[in-house]
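Inside the fold
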Amino acid sequence: MPLSEHEQRMLEQMERALYAEDPKFATALEGSGLRTYTRRRVYQAVAGFLVGIALLMAGMVAKQVWLSVVGFLVMLGCAVLAVTGWRKAPKPGEQPAGAPQARRQGRQKRSMMNRIEQRWQRRRDEQQGQ
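Residues numbered from 1 in each chain as written. Predicted model: local features only at pLDDT ≥ 70, side-chain atom pairs only at ≥ 80, totals over all residues. Heavy atoms only, no water.

An unreviewed UniProt entry lists the protein chain under the name DUF3040 domain-containing protein, with Streptomyces pseudovenezuelae as the source organism.

Encoded structure:
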């Protein structure tokens, strides 16, 4: 459920007050959580990839084809997780999605959507009135 106009203004005022009162704390809260989460996900995927290599080699040594196939699938899945996690991670200098500029753009998009919905509603009302 989107925030109302009043709630958005209140949230922006609170953000500005936080930035004015303690800018270090505010910048620490911005995007570090997402960055550490994606970094941890990439590390886990790399560890899983190494486990997949071990399973693949163990399957080859034990002459168990199914174990080698499982190892390959683990490697493939972990490689996909690592690549997608790496692409989604924000760069150190990049602004996170919760920054004030991104919020303004989101509000503009919502207002555009509101206008489109209003036009659609007017057309439906006109069609029903005829």
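Having seen it, we continue.
Moving on, we come to the overall build of the protein chain. From N to C terminus, the protein chain includes 4 helices and 0 strands. Listed by position from the N terminus, the elements making up the protein chain come as α-α-α-α. Taken over 130 residues, the protein chain has a buried fraction of 17%. Intrachain contacts of the protein chain at a sequence separation of at least 6 include 56% that bridge at least 24 residues. About 10600 Å² of surface is accessible on the protein chain, with carbon and sulfur atoms providing 62% of the total. (Helix = DSSP H or I, 4+ residues; strand = E, 2+ residues; numbered from the N terminus. Buried < 20%, exposed > 50% of the residue type's maximum accessible area, 1.4 Å probe, protein only. Contact = heavy atoms within 4.5 Å. Areas by Shrake-Rupley, 256 points an atom, 1.4 Å probe, with all protein chains shown as cover.)

Scanning the entire structure with this criterion turns up 1 salt bridge. Linking R16 and E12 is a salt bridge whose minimum nitrogen-to-oxygen distance equals 3.9 Å. Here R16 and its partner E12 are both found in helix α1 (residues 5-21), 4 residues apart, which amounts to about one turn of the helix. Taking the relative accessible area as the measure of exposure, R16 reaches 53% and is therefore exposed. (Salt bridge = Lys/Arg side-chain N within 4 Å of Asp/Glu carboxyl O.)

Let's shift gears to the UniProt feature "transmembrane region" (unreviewed entry) in the protein chain. Mapped onto this structure's residue numbering, the UniProt feature "transmembrane region" (unreviewed entry) falls at residues 42-60 and 66-86. Here residues 42-60 runs as 100% helix and 0% strand, with 27 Å between its end C-alpha atoms. (UniProt positions renumbered as here; feature names shortened; annotations may be inferred.)

Turning to unusual backbone geometry, a few remarks are in order. Phi is positive for K63, which is not a glycine, with a value near 55 degrees. Structurally, the position occupied by K63 is in the loop between α2 (23-61) and α3 (65-88). Judged by relative accessible area, which is 74%, K63 ranks as exposed.

Attention shifts here to a nonpolar patch on the surface. Taken together, the side chains of V65, V69, F72, L73, L76 and V80 present a nonpolar region at the surface, about 570 Å² in accessible area. Considering the arrangement of structural elements, one finds L76 in helix α3. (Patch = residues over 30% accessible without salt bridge, like charges linked within 9 Å, V, L, I, M, F, W, Y side chains within 5 Å.)

Turning our attention to a positive patch on the surface. On the surface, a cluster of positive charge is contributed by R115, R119, R122 and R123. Along the chain, the position of R123 falls in helix α4 (residues 100-129). (Lys, Arg positive; Asp, Glu negative; His and termini not counted. Charge placed at Lys NZ, Arg CZ, Asp CG, Glu CD.)

Before going further, it helps to examine α1. Its 17 residues place the ends of α1 24 Å apart at the C-alpha level, agreeing with the 24 Å of an ideal helix rising 1.5 Å per residue. If you check which residues of α1 are buried, you get Q8, E12 and E15. Buried residues of α1, viewed axially, fall in a sector of 60 degrees; they line one side. Of the exposed residues in α1, those oriented more than 90 degrees away from the buried face are M14, A20 and E21. (Expected span 1.5 Å × (residues − 1). Arc of directions from axis to C-beta.)

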